[in-house]
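# Residue-level structure breakdown
Here is how the chains run, residue by residue.
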Amino acid sequence: MGKLAGLLTRMVESAPWRIAIFLAAYALMMLFVGLSTSPLVGRLYIDQIVFTAVGDGWLHGLVPYRDLFDHKGPLMYLIQCAGLLLAPGKWGIFILATACAATTSELLYRCGRVTGTPTRTNVAALTCGFVLYGLCLWMGNTVEEWSLPFQCLALLLCLRILTGKTRRVAAAAFVCGLCFGATAMIRVNNDNIICGACIGMAIFLIREGRVRELWRAAGAFAGGCAATIAPFIVYFAWEGAPGNMYDSYIRFNLTYKMHWLIPDSFEEYLLNIDAMVGCFIAPVAAWFYDRCRGAQLFPTTAAICAITVGVFIRGPYYTHYFFMALPAGVLAVQLAGSIRRGLGLAAALAVCVPYAIDQRETPRNTRNEYVMARQAGGPPYSFFPDIPAENIATAELDSVYTIGAHWCAYTLLETGHFPVGRYFYMQDDFQNFNATVRNDILNEFVKANPLYVMSSLRFDRISVFAGQAEKYTLVAHDTAGSLNIYLYRRNDELIFSQGGEPRRRVKR
């Protein structure tokens, strides 16, 4: 047993073997847990349908925000483009997601090395991180998992400065700025770790009497942010869509945040707390670590954890949100184990067990969904392939507007065509945000003047389209369990009543 443990320790300490282990472990996770990233499953799920649709549209000449609406950052859609270009089907995103997870684990492993965590304790910490990753993964391909490598790289650089491994503060700040900008171009509130690290590093430099370095670091950080964000701003300005990007990604998200589901009971808050136990352990472990090692990790660790809890404690219990608490959980185990090995094991159990208990039904649900998806016939992604095939002529597929649940859009996308009218999902929810969003949805619909409307809801029961529904007639309806799809055709059968040629929305 001792020889086996020694062999495993040597393998982990060897970078090639360690990375190979990470890649193999996360590849299995992406195959059997991350169903939206798994090439073994033809179906996509909810948010991933939208991400892939916008990315695919970008590759076919459409501009995110201007032609296909969503409210995540443009780097998220660029990642989808890279996956689609890398390999056919879902293989590309599977490869990228596996590499992303392995990179996150490698960076966290190096955080443990910087803090002097014994190898076996570091392995326990990374095992804890693996468990948390699986619990948070949901269906995979989420904005949070793509944000993690950027956050963990910034965390590693800060730990190197705090432990005296380097004094190149400005260079580290520039890289952290790059990471902040990259995450902001995915989803800005996922920058929780970097925001906390900036506060902690400012305290550290002031306490060390290195105020001039603080100002230089601030400038370098700003430069890094600009270097990442500016190309996207220039691109959308070139395409004549900076206003669309601002309205969709900035203004819409501010409205969306105000409509975020807030826990309305102690039990719901407790679920969020269980998912972030590491954020409560890590500052305590850092405090005692500083006392034992003469280090200064506590202010930074406390700031990171406080911001993480502050951002996510009042949000809905969507498991993928808590990816952003994963580095704090791993760091808690590493710091506790650096003080005493038994404390590291106790921290690992405390971080994983409450969340695992709350998610105890997830493995069975994932397995059932995997089996159903593997057994499902018909084209990938599409629940209702016969609706467009039997009711819409090929020449008319360029004028279909989709409403409501995500599967309507992908039923159309499977035909090789994109929806018209910019908004292509969840209009029934978005209409309630404010008058500006509501009017924009209606105006985009009127401007598109679609020949067909394909909806998961009755068209005449969506209030934003009051006055428009009477112009359409129901021509097809299908159900699959509790799911519905309705197809309407415009009464006058004129595709473009306002003249002019439409922008082509065909996959080539």
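Definitions and cut-offs
- Residues numbered from 1 in each chain as written.
- Predicted model: local features only at pLDDT ≥ 70, side-chain atom pairs only at ≥ 80, totals over all residues.
- Heavy atoms only, no water.
- pLDDT = per-residue confidence, 0-100.
- Contact = heavy atoms within 4.5 Å.
- Salt bridge = Lys/Arg side-chain N within 4 Å of Asp/Glu carboxyl O.
- Buried < 20%, exposed > 50% of the residue type's maximum accessible area, 1.4 Å probe, protein only.
- Helix = DSSP H or I, 4+ residues; strand = E, 2+ residues; numbered from the N terminus.
- Pairing = 2+ DSSP bridges.

Predicted confidence across the chain gives a mean pLDDT of 90, with 94% of residues reaching 70 or more. Within the model, the stretch residues 494-508 combines pLDDT values under 50 with 34 contacts to residues more than four positions away or in other chains.

Once that is clear, we can look at the pattern of salt bridges. On inspection of all chains with the given rule, the structure shows 13 salt bridges. Notably, a salt bridge pairs Arg-458 with Asp-460, separated by 3.2 Å at the nearest N-O pair. A relative accessible area of 30% places Arg-458 in the partly exposed class. Using a relative accessible area of 47% as the deciding quantity, one classes Asp-460 as partly exposed.

For the rest of this paragraph, the subject is the environment of Leu-78. Tracing the sequence through the fold places Leu-78 in helix H4 (residues 74-86). Remark: the alpha-carbon pair of Leu-78 and Lys-90, spanning 12 residues in sequence, is separated by 15 Å. With near-sequence residues (within four places) excluded, Leu-78 lies in contact with Trp-58 and Phe-232.

The next point concerns unusual backbone geometry. When glycine is set aside, most residues are seen to have a negative phi, and most peptide bonds are trans. Positive phi, close to 75°, is recorded for Tyr-65, a residue that is not glycine. Looking at where Tyr-65 falls in the secondary structure, it is placed in the loop between helix H3 (47-59) and H4. Positive phi, normally seen in glycine, also occurs at Trp-138, with a value near 60°. Among the structural elements, Trp-138 can be located in the loop between helix H6 (119-136) and helix H7 (143-162). Its relative accessible area of 29% is what places Trp-138 among the partly exposed residues.

All right, on to the pairing of strand E3 (residues 472-480) then. Relative to strand E4 (residues 483-490), E3 runs antiparallel, the two sharing eight bridges. Looking at E4, one finds that Thr-479 is bridged to Asn-484. Once E3 ends, the chain turns through two residues before running back antiparallel as E4, passing Gly-481 with a positive phi of about 65°.

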